[in-house]
Amino acid sequence: MPPHRYTPALANEIELAWQDRWEAEGTFHTPNPVGRLSEGFDRVADRPKAFLMDMFPYPSGAGLHVGHPLGYLGTDVTSRFLRMDGHNVLHPMGYDAFGLPAEQFAVQTGQHPRVTTEANIAAISAQLRRLGVDHDPRRTFATIDPGYYKWTQWIFRQIFEAWFDPETDRARPISELVTELDAGTREPAEGTLPEGRTWVQLSDVERRRVVDAHRLAYLHQAPVNWCPGLGTVLSNEEVTPDGRSERGNFPVFRRPLTQWMMRITSYAERLLTDLDRLDWSDSLKQMQRNWIGRSTGARVRFPVSGETVEVFTTRPDTLFGATYLVLAPEHPLVGELTADRWPEGTDPRWAAGADTPAEAVAAYQRQASRRSELDRQAEGREKTGVWLGVTARNPLTGADLPVFIADYVLTGYGTGAIMAVPGEDARDWDFASEFGLPVVRTVQPPADFDGGAYTGTGPMINSSNEQLSLDGLDKAAAIAKVTEWLVATGAGEATTTYKLRDWLFSRQRYWGEPFPVVYATDGEDADLPIAVPESMLPVLLPDVDDYSPTTFADDDADSQPEPPLSRATEWTTVELDLGDGPRRYRRETNTMPNWAGSCWYHLRYLDPGDDERFVDPELEAYWMGPREPGDVGGVDLYVGGVEHAVLHLLYARFWHKVLFDLGHVSSEEPFRRLVNQGYISAFAYTDARGFHVPAAEVVEEGGQFRYHGELVTREYGKMGKSLKNVVTPDEMIAMFGADTFRVYEMSTGPLDQSRPWETKAAVGSQRLLQRVWRVVVDEESGAARAADVEPDDDTSRALHRAIEAVRDGMTTLRFNIAIARITELTNHLTSACPPGTPVPRSVAEALVLLVAPLAPHLAEELWSRLGHTGSVAWASFPVADPQWLVDDTVEVAVQVNGKVRAQVAVPADADAAALEAAARADERIAGYLEGATVRRVVAVPGRLVNFVLG
RNA sequence: GCGGGAGUGGUGUAACGGCAGCCACGCCAGACUUAGGAUCUGGUGCCUUCGGGCGUGCGGGUUCGAAUCCCGCCUCCCGCACCA
């Protein structure tokens, strides 16, 4: 073997040396325009900025497999490209380190979660460094750092001390609400005043309750997802569709409990409409739209025995067809409406075998609360419910409508009550069939319609009386007309509703951010939260002996949450002076959910050491501010997995908008452009018993797969320990070096595409880098082959075409294209400049610059062997000379009736007439045209000629 | 059920509406070698009577021209799902 060949051993040597040098020289220190990190800013002051970010990892003990770095490498290549192309690039990395896995590990081992978490962070950080990523090491942090979560608590305080003003459609400080309430210029929001009282009549404590009910972060007793198996409550987003916990797969029950909530629903409309201003994939936007779930329709009020039941419907046009009402079992009016006894002749199906309506209702409510969502599904969609023993009056027809409760109506969506129209709604039809309720069709189904609920379109029928006629109208016209009637008679109005619910924000866990909240220990205000003053932040997480929340039997729905912090008794009670003298308080013992820390970390990268502010407004404006009026601003490229499509991304957008409203940031959105990287999947193999065998030891023989000679079955799926198919970056680096690993990982497809892993295919990337090396370095002597000679025209054309295509691939995140064009150029140079001949310096240098973002260590080494002393990371990326992008002559296809019959060479600037003449001159084409009638000639300069024969 | 996306060689993929399969893996052959999981060179969609013919899931349409645009099917992937 030649002494100076680019082998894996040499690659490793080069890589380690350059990684040390980058660190020592601070090559990837990104200067801020002002403040602590501004040293060196003059070097980049005239550059445009680019802020690139990855979704930061959770430091689990398992470390990284080859799938994890895909996105990190995508941003790294982009970051390096943009730096070379004249941007001031910010590409930081941090760790999302609070959360369940670390806590569970702590519970098992008795070791503090901080210890294991920090060890895991160190391990992953070393793995990332070995990949050669260009993160600014000064900007890294973890969400568990007190210097970070101090500001998470500070932001919570901002949200707590704010309310949403529906008139201006934005959050405002709560003090402004109090001022307006005191001045009488604003009425408290609906439902926040005690019955029959006004603001001026209230005591101080009563006023505090009213104000608290307006806050964006508020305590609320409501049905929540209680998971006895985990000993904690969960957000809707953390519960799977079959009613189990996303983590641990335990049953989840709906239980009324007092918990912290965040009023994200106030932002539903803005979260929805601002999606249009973002550069995100359509599918991702659609997922958020579906989650927000906007529906337009009407509220309609139905009188029921002295009360009013308000329903939400998207089909007010079918009001003539409403034949009964259904309330959710948890609806607040159920108790009041329930009749004392069953009327004569009550249908036994409606009474469910109970002696009185109250008994039937109580039994049904109990059953509904205990039934997990899973049970509901297991029973299919069979409709159940009971009658309350009362009827409502249809405001339009005056008809009596029996009022039921049933669990197919959900509390928390719309008004938690519906008008049932069995003729046009499948669920209502099923219920009506089950309970023998009448059906009135109000939309004419087509002649061949074979029964059931008709949900299609058609002219209105059976919809007329002395008050109103909708007959013959189409859906839109009928909705408009009936809505007008509802408003005129006071029976309802048009409205919009959302599927999005407020965000359940407290958890009964140890390993999370403590709330900066205390309560008085006695008095009538003892249940009212008080925010800990800014000066007392952070509220540090205390040490405890036992990290586990009290858990219960999976199915113990009646159990009560007992957070671990409630056992830290010397922490939970505290004497503070909050302005009115020292007083004893008890601390909030819930902690924040895992999502809190990731809601704002993009802002903290701008200067994680700032102890005065959560972010310097000047830095925020520079790195994230809008580029022109109306621009949303935000991170320029955010890359991460699609699994965060609704949870993290919705929460982070919400927090960012609150901070925007309160004037703390100038950007309206956190992430301007977002790309979901694909997944790397892998083959796994099972033996005859169905057990997984080590994938690395399986060999293919004639289309069959064998493990130690034994026939095995191939499966395709995730990479995982249990499937015995994990490949780690460390293994790849040992086998090939980090640069080969990077190039291979980037060469297998566009960044957003999923792809299968195939370790042995990486030799292709290895060969490419070896050829690049050989073009620049003489393998025998180790000397650079570059010489000051002019490249020939073919080489210049190959070079400049490659430059153009590589730039395109880099900006569109299609690194596979960039690598393919680099390969073509390299292959050209390999044959144009065989060993022993000189390589034009301008071409060799350009090649090194082209590969630098992809294989940075190799590029640094070659750049220095070419005589440069500075880092290639800061060299200028080549720009294509347009002169070399066009050929003097081009080969043009000649078609006859759309089929290619010949190639002719013509000058590149030949016009249509010249093209046609050249084509006709071709012998073969002349043969085709002879004796035929040419009906039409299409000649596209530079592309082709097509003769259409008659 | 509703919504979104995708179907191209044995594999990963590439093609401003303009010569389908760039670049790789694999495979075949050769060179250099004591050897090769090294390196280099060439070949590799299918059929063929060697003229050519057929090929981008299937069927239609628009167009001089369709992998690409439109319509209808089929298959696969993802998300949501009793949301009134």
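Residues numbered from 1 in each chain as written. Chains lettered and ligands numbered in written order. Predicted model: local features only at pLDDT ≥ 70, side-chain atom pairs only at ≥ 80, totals over all residues. Heavy atoms only, no water.

A. Broad picture of the overall build of chain A. Along chain A, the regular secondary structure elements total 28 helices and 33 strands. Along the longest, intermediate and shortest principal axes, the C-alpha atoms of chain A span 105 × 90 × 70 Å. When each of the 950 residues of chain A is scored for burial, the buried share is 54%. The contacts of chain A with a sequence gap of at least 6 include a subset with a gap of at least 24, amounting to 71%. Counting every atom, chain A has about 40,300 Å² of accessible surface; 50% of that belongs to carbon and sulfur. Taking the 92 positively charged and 137 negatively charged side chains of chain A as two groups, their mean positions are separated by 2 Å. (Helix = DSSP H or I, 4+ residues; strand = E, 2+ residues; numbered from the N terminus. Buried < 20%, exposed > 50% of the residue type's maximum accessible area, 1.4 Å probe, protein only. Contact = heavy atoms within 4.5 Å. Areas by Shrake-Rupley, 256 points an atom, 1.4 Å probe, with all protein chains shown as cover. Lys, Arg positive; Asp, Glu negative; His and termini not counted. Charge placed at Lys NZ, Arg CZ, Asp CG, Glu CD.)

B. Representation of the nonpolar core in the model. One finds Phe156, Trp503, Phe505, Phe614 and Trp655 to be the most contacted residues of the largest nonpolar core, which totals 182 residues. Here the element with the most residues in this core is helix α19 (residues 647-661); it accounts for nine residues. Each of domain 1 (27-155 + 595-676) and domain 5 (728-883) accounts for three or more of the residues forming this core. Residue contacts for tryptophan 503: discarding those within four places in its chain leaves Ser235, Trp260, Met261, Met262, Ile264, Pro593, Trp595, Cys599, Tyr651, Phe654 and Trp655. Counting residues in hydrophobic clusters, the runner-up holds 57 residues, among them Val421, Leu470, Val482 and Trp485. (Core = buried A, V, L, I, M, F, W, Y, C linked by side-chain atoms within 4.5 Å. Domains from an automatic or database assignment.)

C. Representation of the sheet that holds strand β19 (residues 582-587) in the model. Within the open sheet, the four strands sit side by side as β17-β16-β19-β18. Their pairing is antiparallel. With partners counted over all chains shown, the strands left at the sheet margins are β17 (530-531) and β18 (573-577), one partner each. Note that β18 and β19 share five bridges and pair antiparallel. Each residue of the ladder has a partner; that of leucine 576, found in β19, is arginine 583. (Pairing = 2+ DSSP bridges.)

D. Broad picture of the protein's contact with RNA strand B. Near RNA strand B, the surroundings consist of 55 residues, among which Thr314, Arg427, Gln753, Glu824 and Arg943 are the closest. Counting only atoms of RNA strand B within 4 Å of the protein, the fraction found in sugar and phosphate groups is 67%. Taking lysine 383, its side chain carries an N or O atom lying 2.7 Å from a base oxygen of RNA strand B. Elements with a minimum of two residues in the surface near RNA strand B: α9 (282-292), β9 (307-313), α22 (763-776), α24 (815-832), β30 (889-896), β31 (899-907), β32 (934-940) and β33 (944-949). (Near = heavy atom within 4 Å. Polar contact = N/O pair within 3.5 Å; in protein donor to acceptor, adjacent residues only side chain to side chain.)

E. Region of interest: the packing of helix α23 (residues 793-811) against helix α25 (residues 841-851). Where α23 meets α25, the closest approach of the two axes is 11 Å, and the angle between their N-to-C directions is 15 degrees. Put simply, α23 runs roughly parallel to α25. The crossing of α23 and α25 is left-handed. The residues of α25 that touch α23, namely those facing Thr795, Leu799, Ala802, Ile803, Val806 and Met810, are Val843, Ala846 and Leu850. A class-by-class count of the residues in the contact of α23 with α25 yields eight nonpolar, one polar and no charged. (Axes fitted to C-alpha atoms, helices over the stretch in contact; angles between N-to-C directions. Parallel < 35°, antiparallel > 145°, perpendicular 65-115°, else oblique. Left-handed = near helix turned anticlockwise from the far one by under 90°. Nonpolar A, V, L, I, M, F, W, Y, C, P; charged D, E, K, R; others polar.)

F. Molecular detail of a nonpolar patch on the surface. Nonpolar side chains collect at one region of the surface, where Met287, Val642 and Tyr679 lie side by side and expose about 250 Å² of accessible area between them. For methionine 287, the location among the structural elements is in helix α9. (Patch = residues over 30% accessible without salt bridge, like charges linked within 9 Å, V, L, I, M, F, W, Y side chains within 5 Å. Salt bridge = Lys/Arg side-chain N within 4 Å of Asp/Glu carboxyl O.)

G. Structural context of the sheet that holds strand β6 (residues 232-234). Taken in spatial order, the four strands of this open sheet run β6-β5-β7-β15, and their pairing is antiparallel. Because the sheet does not close on itself, it has two edges, and the strands there are β6 and β15 (503-504). In this structure, strand β5 (residues 217-227) lies alongside strand β7 (residues 253-262), joined through 10 bridges in antiparallel fashion. Its bridge partner lying in β7, alanine 222 is registered against leucine 257.

H. Broad picture of the pattern of salt bridges. Across all of its chains, the model carries 60 salt bridges by this definition. Linking arginine 301 and glutamate 310 is a salt bridge whose minimum nitrogen-to-oxygen distance equals 2.7 Å. Between arginine 920 and glutamate 916 there is a salt bridge; the shortest N-O distance is 3.1 Å. Here arginine 920 and its partner glutamate 916 are both found in helix α27 (residues 912-921), four residues apart, which amounts to about one turn of the helix. Taking the relative accessible area as the measure of exposure, arginine 920 reaches 37% and is therefore partly exposed. We classify glutamate 916 as partly exposed; its relative accessible area is 23%.

I. The arrangement of the packing of aromatic side chains in detail. For the coordinates displayed, the defined rule picks out 46 aromatic pairs. Residues tryptophan 350 and phenylalanine 404 carry aromatic rings whose centres are separated by 5.1 Å and whose planes lie at 70 degrees to one another, so their mutual orientation is edge-to-face. In this pair, tryptophan 350 is assigned in helix α11 (residues 348-351) and phenylalanine 404 in strand β12 (residues 400-405), connecting sequence segments 54 residues apart. Judged by its relative accessible area of 13%, tryptophan 350 is buried. Plain terms: the ring middles of phenylalanine 431 and phenylalanine 435 are 4.3 Å apart, the flat faces sit at 20 degrees to each other, and that makes the pair stacked. Here the residue phenylalanine 431 and the residue phenylalanine 435 both occupy positions in helix α14 (residues 426-435), the gap between them amounting to four residues, near one helical turn. Exposure remark for phenylalanine 431: the relative accessible area of 0% places this residue in the buried category. (Phe/Tyr/Trp six-rings, centres within 6.5 Å; stacked < 30°, edge-to-face > 60°.)

J. Examining α24 more closely. If you check α24, its first and last C-alpha atoms are 25 Å apart, about what 18 residues at 1.5 Å a residue would give, namely 26 Å. Here α24 has its buried residues at Phe815, Asn816, Ala818, Ile819, Ile822, Thr823, Leu825, Thr826 and Leu829. (Expected span 1.5 Å × (residues − 1).)

K. A look at empty space enclosed by the protein. Scanning the entire structure with this criterion turns up one cavity of 30 Å³ or more. The space that makes up the largest cavity amounts to roughly 40 Å³. In this structure, the largest cavity is lined by Val743, Leu768, Leu769, Ile819, Ile822, Val851, Leu854 and Ala855. Residue assignment for the lining of the largest cavity shows that the elements contributing at least two residues are α22 and α24. Looking at the lining of the largest cavity residue by residue, the classes come out as eight nonpolar, no polar and no charged. (1 Å grid on protein atoms, 1.4 Å probe; cavity = no way out; pocket = protein on both sides within 12 Å on 5 of 7 lines; lining within 4 Å. Points joined across faces, edges and corners; volume = space filled by probe spheres on them.)

L. View of unusual backbone geometry. Proline 538 follows leucine 537 through a cis peptide bond whose omega is 0 degrees. The residue leucine 813 is not glycine, and still its phi comes out positive at about 60 degrees. Here leucine 813 is to be found in the loop between α23 and α24. Residue class for leucine 813 comes out buried when judged on its relative accessible area of 4%.

M. Region of interest: helix α6 (residues 174-183). Those residues of α6 that fall on the buried side of the exposure criterion are Ile174, Leu177, Glu180 and Leu181. All buried residues of α6 fall inside an arc of 120 degrees around its axis, so they share one side. Facing away from the buried side of α6 by more than 90 degrees, the exposed set consists of Thr179 and Ala183. At its buried positions, α6 is contacted by β3 (162-165), β4 (170-173) and α7 (204-212). Positive phi shows up at glycine 184, right after α6, with a value of about 75 degrees. (Arc of directions from axis to C-beta.)

N. Structural context of the pairing of β7. The element β7 is extensively covered by neighbouring structure, given that seven of its 10 residues are classed as buried. As judged from the two bridges shared by β7 and β15, these two strands associate in the antiparallel manner. Residue pairing across strands places methionine 261 opposite leucine 504, the latter belonging to β15.

O. Local environment of the environment of proline 533. Along the chain, proline 533 falls in the loop between β17 and α16 (569-572). Sequence spacing of proline 533 and leucine 578 is 45 residues, and the spatial spacing of their C-alpha atoms is 7.6 Å. For proline 533, the residues in contact, after removing those within four places along its chain, are Arg157 and Leu578.

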